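Spelled out, the chains give:
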2 protein chains.
Amino acid sequence: MTERDDVPGRFRVRVVAEAIDRFAEGGYEATTVDEIAAAAGISRRTFFRQFRSKEDVIFADHEQLLDEVKQYLAMGHQDPWAAICDAARLVFTHFRESRDLSLRRYRVVQLVPALRDRELVTVHSYERIFIDYLREARPDEGVLKIVGYAAAVTACHNYLLRAMIRGDADATVEALDVALADLRTTYGVAPGSGTDQEVVVAKFPAGTPADVIADAVRRQLGSDGR
Amino acid sequence: MTERDDVPGRFRVRVVAEAIDRFAEGGYEATTVDEIAAAAGISRRTFFRQFRSKEDVIFADHEQLLDEVKQYLAMGHQDPWAAICDAARLVFTHFRESRDLSLRRYRVVQLVPALRDRELVTVHSYERIFIDYLREARPDEGVLKIVGYAAAVTACHNYLLRAMIRGDADATVEALDVALADLRTTYGVAPGSGTDQEVVVAKFPAGTPADVIADAVRRQLGSDGR
């Protein structure tokens, strides 16, 4: 199969994988674009048509994911608080599905301070997108609530993402769902949570036994005792 | 007064101020260390004894503040959730007190992508310190709650800090205090907030008029109606 016949996305993935393997074996600084191109069986020129630099190869996934996240959010959502959690889930799932490659990339990045910094900056772009989206979707909401919520969603996602990549068996997509649902409850933006359920009003006939009242109150407060 | 007689901290502040003025006038890239040294009336060698690079001059305040924040947290605090808010306040107050210089620095940073990135990375160090401190101070607390809370505190602080520097009259230290107190309430870690006050239990003689009950409930729920 020639380069021209190849699917562009799959072609990029192959170059990314080759580049990361070369970085892992020979070191990031020492590996040249020519070596990456040779390993991927492409010309230097073809490499530079797809990536601006050696560094860009490392973060190619994020460029693509940031676009996907923007597109997802632009679709419009009834619950924007949940929508950014779903967008974070999309990123998590992507790296979960290519976990082996993600781990090799992670190890390369950890060894090079400049790459660690670039990763931090890249990751911050997600938070920026979440904030812009929420401010547009909820123009009447206090901006500091949005800023804090978006930061917390991003930080929790990143924590679990890194744990998953490093091989923590508890850092599953289900764990992410639970963490982000907890966060929506904390911020009072989960359906059925928030201020509308913080108060229980109860009325009983005088003389109702304490146990009966306690049971009724327990039911109203929900089975989790909150 | 000779350089040797000068107070080291004040000496650094003077060089930082001169450097930022030179960057603002001549552009960051075009300004050389020699020009900064000449403007500050020091030798190139003295400059490099205080700063590793031109870039370091811009972020000298953060280096110092990160140390102050670490020292403050290391003092030990009864309420670690509030302690990181106080640490954030310390950073805010520092830049508030040198607002003119902060604004000139902000303008220089905004024009140079590499400086914006470096600022993001520097700012992330505060979040990292907050997380490490909270994990040590509250080892039994869920790590995702800590991660989300620290990210939210940092993000809200940064938002108000940037607003203050840009001249937003509402972005005061009092506004920061309110925002961070709200955040502690959201996370259920404010003294007197959290699950222990989410439930109001009331008992009235049968036949008590609805208005009397409503007033009593209102008092229990607090004057802010929560």
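Please read all numbers here as calculations on a predicted model, not as lab measurements.

Q: Tell me what's going on with the overall build of chain A, and back it up with residues and numbers.
A: Secondary structure summary: chain A contains 11 helices and 0 strands in total. The order of α-helices and β-strands along chain A, N terminus first, is α-α-α-α-α-α-α-α-α-α-α. Relative to its full complement of 226 residues, chain A shows a buried share of 41%. Taking the intrachain contacts of chain A between residues at least 6 apart in sequence as the baseline, contacts between residues at least 24 apart amount to 69%. A total of about 12,400 Å² of accessible surface is found on chain A, and carbon and sulfur atoms cover 49% of it.

Q: Pulling in residues and values, what's your account of the UniProt feature "DNA-binding region" (unreviewed entry) in chain A?
A: Under the UniProt annotation, the feature "DNA-binding region" (unreviewed entry) is placed at residues 32–51 of chain A. In this annotation, residues 32–51 of chain A is assigned 75% helix and 0% strand; the end-to-end C-alpha distance for the span is 14 Å.

Q: Just give me the short version of the relation of the copies chain A and chain B, but keep the residues and values in it.
A: When chain A is fitted to chain B, the residual RMSD is 0.5 Å, and the transformation amounts to a turn of 180 degrees plus an axial shift of 0.1 Å. What the rotation and shift describe, once combined, is the action of a two-fold rotation axis. Closest to the rotation axis within chain A is the C-alpha of A:Ala206, separated from it by 2.0 Å.

Q: Account for the environment of B:Leu103, naming residues and giving values.
A: Residues and elements named next belong to chain B. By secondary structure assignment, the location of Leu-103 is in helix 7 (residues 99–111). The exposure class of Leu-103 is buried, given its relative accessible area of 15%. For the pair Leu-103 and Met-164, spaced 61 residues apart in the sequence, the C-alpha separation amounts to 9.2 Å. Excluding anything up to four places from it in sequence, Leu-103 contacts Ile-165 and Arg-166.

The rules we used
Residues numbered from 1 in each chain as written. Chains lettered and ligands numbered in written order. Predicted model: local features only at pLDDT ≥ 70, side-chain atom pairs only at ≥ 80, totals over all residues. Heavy atoms only, no water. Helix = DSSP H or I, 4+ residues; strand = E, 2+ residues; numbered from the N terminus. Buried < 20%, exposed > 50% of the residue type's maximum accessible area, 1.4 Å probe, protein only. Contact = heavy atoms within 4.5 Å. Areas by Shrake-Rupley, 256 points an atom, 1.4 Å probe, with all protein chains shown as cover. UniProt positions renumbered as here; feature names shortened; annotations may be inferred. Least-squares fit on C-alpha atoms with pLDDT ≥ 70 in both.

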